[in-house]
Amino acid sequence: MNTQVLTDAGVDALTDLFPDWLVWADGSGWHARRRGLYLQSYHFGAPAFYVHAGSAAELAAQLRWQQAADAHAPFGCSAR
């Protein structure tokens, strides 16, 4: 079976599971970026707007973790 077919299937599956994220894979790994109008902030505790992983399974785990973090602290975490 063609590796690209499996990669495309993985991207489609992750896109269905995480519709708020734009998912893609390339030679450097698996990536996801938030969709829509999302403020990209680099301060400590800010919600992630981009994640990267070495495999589809690792990316899925990071996105699940991000969903839990968003539910707990939708505007990020503060030290206070």
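See above for the structure.
Residues numbered from 1 in each chain as written. Predicted model: local features only at pLDDT ≥ 70, side-chain atom pairs only at ≥ 80, totals over all residues. Heavy atoms only, no water.

Novice: Any chance you could explain the overall build of the chain here in plain terms?
Specialist: Tallying secondary structure elements over the chain gives two helices and three strands in all. For the chain, the N- to C-terminal ordering of α and β elements is α-β-β-β-α. In the chain, which comprises 80 residues, the share counted as buried stands at 29%. Across the chain, contacts joining residues at least 24 apart in sequence account for 37% of those joining residues at least 6 apart. Of the accessible surface of the chain, which amounts to about 5600 Å², a share of 61% is contributed by carbon and sulfur atoms. (Helix = DSSP H or I, 4+ residues; strand = E, 2+ residues; numbered from the N terminus. Buried < 20%, exposed > 50% of the residue type's maximum accessible area, 1.4 Å probe, protein only. Contact = heavy atoms within 4.5 Å. Areas by Shrake-Rupley, 256 points an atom, 1.4 Å probe, with all protein chains shown as cover.)

Novice: Even after reading the chapter, I still don't get the nonpolar core, so can you show me in this structure?
Specialist: Counting residues in hydrophobic clusters, the biggest one holds twelve residues: V11, L14, F18, W21, V23, W30, A32, V51, A53, L59, A60 and L63. Put simply, the parts of the chain that give this core at least two residues each are α1 (3-17), β1 (21-26), β2 (29-34), β3 (50-53) and α2 (56-72). The leading source of residues in this core is α2, at three residues. Setting aside chain neighbours within four positions, we find A53 in contact with G29, W30, E58, L59 and Q62. (Core = buried A, V, L, I, M, F, W, Y, C linked by side-chain atoms within 4.5 Å.)

Functional significance is not addressed by these values, which are geometric in nature.
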